[in-house]
Amino acid sequence: MQFMLLFSRQGKLRLQKWYVPLSDKERKKISRDLVQTILARKPKMCSFLEWRDLKIVYKRYASLYFCCAVEDQDNELITLEIIHRYVELLDKYFGSVCELDIIFNFEKAYFILDEFLLGGEAQETSKKNVLKAIEQADLLQENTFSSGMRC
Amino acid sequence: MGPVHTVYGPALLCAGAGCSQQFGAQPQWIWFLSSSYVGAHSTTLMPTVSKGDGMRGLAVFISDIRNCKSKEAEIKRINKELANIRSKFKGDKALDGYSKKKYVCKLLFIFLLGHDIDFGHMEAVNLLSSNKYTEKQIGYLFISVLVNSNSDLIRLINNGIKNDLASRNPTFMNLALHCIANVGSREMAEAFAFEIPSILVAGDTMDSVKQSAALCLLRLNRTSPDLVPMGEWTARVVHLLNDQHLGVVTAATSLITTLAQKSPDDFKTSISLAVARLSRIVTSASIDLQDYTYYFVAAPWLSVKLLRLLQCYPPPEDAALRSRLTECLETILNKAQEPPKSKKVQHSNAKNAVLFEAISLIIHHDSEPTLLVRACNQLGQFLQHRETNLRYLALESMCTLASSEFSHEAVKTHIDTVINALKTERDVSVRQRAVDLLYAMCDRSNAKQIVAEMLSYLETADYSIREEIVLKVAILAEKYAVDYTWYVDTILNLIRVAGDYVSEEVWYRVIQIVINRDDVQGYAAKTVFEALQAPACHENLVKVGGYILGEFGNLIAGDSRSSPLVQFSLLHSKFHLCSVPTRALLLSAYIKFINLFPEVKATIQDVLRSDSQLRNADVELQQRAVEYLKLSCIASTDILATVLEEMPPFPERESSILAKLKRKKGPGKLPDIDENRRNVNGSSEHSENTDTTNKVSYVLNLNSSPSTGPSLLVDVFSDSSTSASVDVSEDNFSRFVCKNNGVIYENQLLQIGLKSEYRQNLGRIYVFYGNKTSTQFLSFSSFVTSSDILKTHILHCLIASYPIIEGGAQVQQILNIECVSDFTDAPVLNIQFRYGGTLQNIAVKLPVMLNKFFQPTEMTSQDFFQRWKQLGAPQQEVQKIFKAQHPMDTDVTKAKILGFGVALLDGVDPNPANFVGAGVIHTKSTQVGCLLRLEPNAQAQMYRLTLRTSRESVSQRLCELLGEQF
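Everything quoted here is computed from the prediction, not taken from an experiment. (Residues numbered from 1 in each chain as written. Chains lettered and ligands numbered in written order. Predicted model: local features only at pLDDT ≥ 70, side-chain atom pairs only at ≥ 80, totals over all residues. Heavy atoms only, no water.)

Caption draft 1: Inspection of the overall build of chain B at higher detail. When helices and strands are tallied, chain B shows 40 helices and 18 strands. Looking at chain B residue by residue over its 966 residues, the buried ones come to 57%. The contacts of chain B with a sequence gap of at least 6 include a subset with a gap of at least 24, amounting to 69%. As displayed, chain B offers around 40,900 Å² of accessible surface, 51% of which is attributable to carbon and sulfur atoms. (Helix = DSSP H or I, 4+ residues; strand = E, 2+ residues; numbered from the N terminus. Buried < 20%, exposed > 50% of the residue type's maximum accessible area, 1.4 Å probe, protein only. Contact = heavy atoms within 4.5 Å. Areas by Shrake-Rupley, 256 points an atom, 1.4 Å probe, with all protein chains shown as cover.)

This is the structure in structure tokens:
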């Protein structure tokens, strides 16, 4: 996978993750072009499209679009399910996740993504294992935080 | 307080089985429909869910931003916050970890809103070096998102990473590995590429760390393959395929696939392990794999990855292994026929993801006719599936099946379904796939039907894909033409239906073919003559008509309905509606007519003699008219017949339209429609010349001016300036203003070096392409493009191609350049090659600038000032005052001015601190003398640069070029 973007129906980027080295300028241009292209598509259209020399896989969940760019030989359907598993992870963690959770807790959304995908490839596909890792980290946070409060 | 989601928007996932595909149909709250500026709410409710430690200050800030009612208000709020954070960071009071973390988070949020952040990196590095997990995590996140190539900073970051990797605390180690994988810079590869393999294969490493280490190594291997050492660990990494923990296997399989693509021999042992693992997965009951079962599908991600890994290799040689793999593939195909275990789309997606990957492997092996035909039948079912996604993928996958000799016939049986898809699919991207498949399944037996269907689709096709369809029709028509009258009809139809989308390549090609085949010339002349009779015909038809009648009009002149005069009047009736290039072409056709038909000589001479021709404002048309008229008056019939002889046949080479389509689509995406389809071993045959030392060097004259001979030869092989949509790299462009040699472009794979020599108005550039990897580049090609304006100002152009550039090897290309007149823009070098299965597209702006054609001129102080005064007109002088961007060093400045190409004149300027220079720009048409003066002001750190030349555009351009060098 080359990158993943989350954006709202108004075209506002909510999360972006890049797995290939690109300059800020290029990233902005790609996001802008792609968001426009996808927002222009009708709801019942196919989830895949060719874009430049990449394959785009996207799906809308309520007010948010999840969009991945994969390479020519990558599998579109499994990418679609990568998106779904990520949504499930967010949903389980936040409890009925909605767009605002991701806006206000953007750092958590990044941490969850890093546990699930690394370097653009699936690292751990078990929902339990990913959430266990995140919850352990949260526990560590609370401990360090409260100990920090004490001193 | 618990979360009250209905207040602030719909949940992304809805519970219940009813909602499977699209969630967007639910009602949208005003909250979500409105942009964040709409003040339908007075205050934003903050979500009350706060996992871990909440940062209240951050949440307040985010709410503030969301409550801003305009973009201006948002920017104002952000600037206020930035000022606040800056003062906190700069303040005397040391910030505690929590505050630092909060502010760094705010900066991150501001960055994610799309604003630039140029500080806070140091604080982030402090955070990641903290002992507290919560601070460390935020520090790493900031660095991962806002990578900065600042090398000092990278050293500090690397230091933090080093400590965490050595900490033996798995959570810390994971954070560090994630950061390396996210940033993936060369500096990090240099620092850690040796260490990570040992973490990965060490016996006591935790599973989760192994997973991170595997993918971290994968990322480093992708970005800096040369830095990842191969060695003893590679054998052990293969055995991770046997690991008990499926997460470890999942991560390791990706790594092994990447490594095996580069050095397949080193990872051969992975084949049997992968087959064994796959076999266990596909035969397992769905509950066996516990949490790795996804909607009743056993480990779909891992299955797909294993099938991908096996695609790095030919079918296993060992018979037992081979039959075990075949069994796996058959099981997967069988499962597709079983009733679904769930109605959820996730179930069918995961199942079909594995199925499509299995089909890819079957196609890759291309050795089991039964499997290939079964795959084809399965895809055939999907062609009519109600899910658009599956129809799309089936069309895509069938394209590759069509190129196998075993399944080509089976694919062809679906032709009616595919044609129907072309007519009825509502999504343009699906129709596009249908066009691709029709193109791939085309052969002699069905070419007429497919071409006819594509032509009729073209009439209503989306504008975005018309040009591509035109190219495809043109290629198929040429390739499968049995009688060329059909070919000529097809191309003329193309022009009629979609004239605007018929690129030059297409009409050049039809002319090439007509010229090369004398059996079709008479028919072509007759057909274009008839087509031209339509009251409104496309300009491209006028071009083809003009050319063909000019060459072969005599073949139909016997018929009184198409007598020479009728032909001429017909062409000339279109003349005034056409653009200049077409008119120029028609004038050439007229002079050819004078040779072919002496009886219309007087009529044509009258036309040429008219004021609208002889005094045409366009210099090209005027010149042609004058020269052709003169030629027709003074040359004897013999000379005329020799000069205006029929065009000789074009040398046969690759069709220029095929080349264009390849460039448009990338060679890998173009199904092989060659007769010799892929052979049994799965590899395609290469009949190309593999001589990589072959140097290509030829200059094509792109100016088709009549003074080079009144021929109609238009350069049909040159590239039009429509290259793929690759961003052109200009990074090193300005560094070459004052020097001729060096590295113009470099990425992880490729280095491009230049050596250039210029003499007067001529130049030669040696381009060196170095493969930095240990793997071959395939189908390497490079060609130069330039804007149309530029083409008339400098001459150059060539294409080089090498089937293979070996790992570590370097090849050379020579470009010849001639400066015809002064110019501003620069040509672009386009490079394409395949590396590890992906197509690489690179475009680099070539440092061909006006000042390269300088000859230095020495002169005395007296001469200098005399000329300086002569060039005193306001438009001849261009001046620029600018701030120094580099330290003001006299020797460096001198070297730069000399490198710019002028002579440095000592003792001319009364102020010894100033620099003056003189030189002459050589172009083919003229020489332009240039004087320059550079006045440094050390106190103000400013320069004033003044250029005087006899030509405004030259002064302007030279000032721009030199003004950026100091």
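Now that the structure is up, let's keep going.
Caption draft 2: The arrangement of the sheet that holds strand S4 (residues 54-61) of chain A in detail. All names here are of chain A. The five strands are arranged S2-S1-S5-S4-S3 in an open sheet whose pairing can be described as antiparallel. Of all the strands in the sheet, just strand S2 (13-18) and strand S3 (48-51) have a single pairing partner and so form its edges. When the angles between neighbouring strand axes are averaged without regard to direction, this sheet yields 20 degrees. As judged from the four bridges shared by S3 and S4, these two strands associate in the antiparallel manner. Residue pairing in the sheet places Trp51 in a bridge with Leu54 of S4. Against the sheet, helix H1 (residues 24-39) touches strand S1 (3-8), S2, S3, S4 and strand S5 (64-70), its axis set at about 55 degrees to S1. Strand contacts of helix H4 (residues 106-116): S1 and S2, with the helix running at about 35 degrees to S2, the strand carrying the most contacts. (Pairing = 2+ DSSP bridges. Axes fitted to C-alpha atoms, helices over the stretch in contact; angles between N-to-C directions.)

Caption draft 3: How the structure looks around helix H32 (residues 601-609) of chain B. Residues and elements named next belong to chain B. The complete set of buried residues in H32 reads Ile604, Gln605, Val607 and Leu608. Along H32, the residues classed as buried sweep out an arc of 160 degrees about the axis, all on the same side. In this structure, the buried side of H32 is in contact with helix H30 (564-575), helix H31 (580-596), helix H33 (611-614) and helix H34 (619-634). (Arc of directions from axis to C-beta.)

Caption draft 4: Up close: the nonpolar core. Ranked by internal contacts, the top residues of the largest apolar core, which has 277 residues, are Phe66 and Tyr86 of chain A together with Ile161 of chain B. The leading source of residues in this core is helix H2 (residues 76-94) of chain A, at 11 residues. In this structure Phe66 of chain A touches Leu5, Leu6, Val57, Tyr58, Lys59, Tyr61, Ile83, Tyr86, Val87 and Leu90 of chain A together with Leu12 of chain B, once residues within four positions along its chain are discounted. If you look at the next biggest cluster of nonpolar residues, it comprises 59 residues, including Val784, Ile817, Leu829 and Val928 of chain B. (Core = buried A, V, L, I, M, F, W, Y, C linked by side-chain atoms within 4.5 Å.)

Caption draft 5: Geometry of the interface of chain B and chain A. Opposite the 105 residues of chain B that make contact, chain A presents 89 residues. Taken over both partners, the interface formed by chain B and chain A buries close to 8,400 Å², and the fraction arising from carbon and sulfur atoms is 57%. Ranking the residues of chain B by area buried against chain A places Leu12, Leu13 and Trp301 of chain B at the top, with a combined share of 10%. Linking chain B with chain A are four salt bridges, by the criterion used here. The salt bridge partner of Arg41 of chain A is Asp427 of chain B, with a shortest N-O separation of 2.9 Å. (Buried area = accessible area lost by both parts, 1.4 Å probe. Salt bridge = Lys/Arg side-chain N within 4 Å of Asp/Glu carboxyl O.)

Caption draft 6: Region of the structure containing empty space enclosed by the protein. On inspection of all chains with the given rule, the structure shows 10 cavities of 30 Å³ or more. In this structure, the largest cavity encloses a volume near 160 Å³. At the level of elements, S2 and helix H3 (99-104) of chain A together with helix H3 (56-67) and helix H5 (97-112) of chain B are the ones that each hand at least two residues to the lining of the largest cavity. A breakdown of the residues in the lining of the largest cavity according to their chemical character gives eight nonpolar, one polar and four charged. Computed from the structure, the second largest cavity encloses a volume of approximately 90 Å³. Around the second largest cavity, the lining residues are Pro315, Pro316, Arg322, Leu325, Thr326, Leu329, Ile362, His365, Asp366, Ser367, Glu368 and Leu371 of chain B. Secondary-structure elements contributing two or more residues to the lining of the second largest cavity are helix H17 (319-337) and helix H18 (345-365) of chain B. (1 Å grid on protein atoms, 1.4 Å probe; cavity = no way out; pocket = protein on both sides within 12 Å on 5 of 7 lines; lining within 4 Å. Points joined across faces, edges and corners; volume = space filled by probe spheres on them. Nonpolar A, V, L, I, M, F, W, Y, C, P; charged D, E, K, R; others polar.)

Caption draft 7: How the structure looks around the side chain of Ser144 of chain B. All names here are of chain B. For Ser144, the position within the fold is in helix H7 (residues 133-145). Judged by relative accessible area, Ser144 falls into the buried class, the value being 13%. Residues in contact with Ser144, not counting those within four places in the same chain, are Cys179, Asn182 and Val183.

Caption draft 8: Region of the structure containing the pattern of salt bridges. Across all of its chains, the model carries 48 salt bridges over all chains by this definition. The residue Asp436 of chain B makes a salt bridge to Lys472 of chain B at a minimum N-O spacing of 2.4 Å. Residue Asp436 of chain B is located in helix H23 (residues 428-441), and its partner Lys472 of chain B is located in helix H25 (residues 463-479); the two are separated by 36 residues in the primary sequence. For the pair Asp436 of chain B and Lys472 of chain B, a shared accessibility class is recorded, and that class is buried. Close ionic contact of Lys845 of chain B with Glu730 of chain B constitutes a salt bridge, the shortest N to O distance being 3.8 Å. Here Lys845 of chain B is found in strand S12 (residues 838-845), whereas its partner Glu730 of chain B is found in the loop between strand S3 (728-729) and strand S4 (742-746), with 115 residues between them in sequence. Among the charged side chains, a network of salt bridges with common partners joins Glu50 of chain A together with Arg433, Asp436, Glu468 and Lys472 of chain B.

Caption draft 9: A look at the state of the cysteines. If you walk through the whole model with that rule in mind, you get zero disulfides over all chains. Distance from the sulfur of Cys537 of chain B, which forms no disulfide, to the nearest cysteine sulfur (Cys578 of chain B) is 8.0 Å. (Disulfide = S-S within 2.5 Å.)

Caption draft 10: Fine view of the packing of aromatic side chains. This model, assessed by the stated rule, comprises 32 aromatic pairs over all chains. Between Tyr61 of chain A and Phe66 of chain A, the ring centres sit 5.5 Å apart and the planes meet at 80 degrees, which makes this aromatic pair edge-to-face. On the basis of relative accessibility, which here comes to 0%, the residue Tyr61 of chain A falls in the buried class. Using a relative accessible area of 0% as the deciding quantity, one classes Phe66 of chain A as buried. Judged by centre distance (5.8 Å) and plane angle (85 degrees), the ring pair of Phe777 of chain B and Tyr835 of chain B falls under edge-to-face. Residue Phe777 of chain B is located in strand S7 (residues 777-785), and its partner Tyr835 of chain B is located in strand S11 (residues 828-835); the two are separated by 58 residues in the primary sequence. An identical accessibility class is assigned to Phe777 of chain B and Tyr835 of chain B; each is buried. Among the aromatic residues, those joined into a ring-pair cluster are Tyr769, Phe777, Phe780, Phe833 and Tyr835 of chain B. Seen from the ring of Phe733 of chain B, Lys845 of chain B lies directly overhead, with NZ or CZ sitting 4.8 Å from the centre. The ring of Phe882 of chain B is capped by Lys880 of chain B, whose NZ or CZ atom sits 5.3 Å from the centre of that ring. (Phe/Tyr/Trp six-rings, centres within 6.5 Å; stacked < 30°, edge-to-face > 60°. Lys NZ or Arg CZ within 6 Å of the ring centre and 35° of its normal.)

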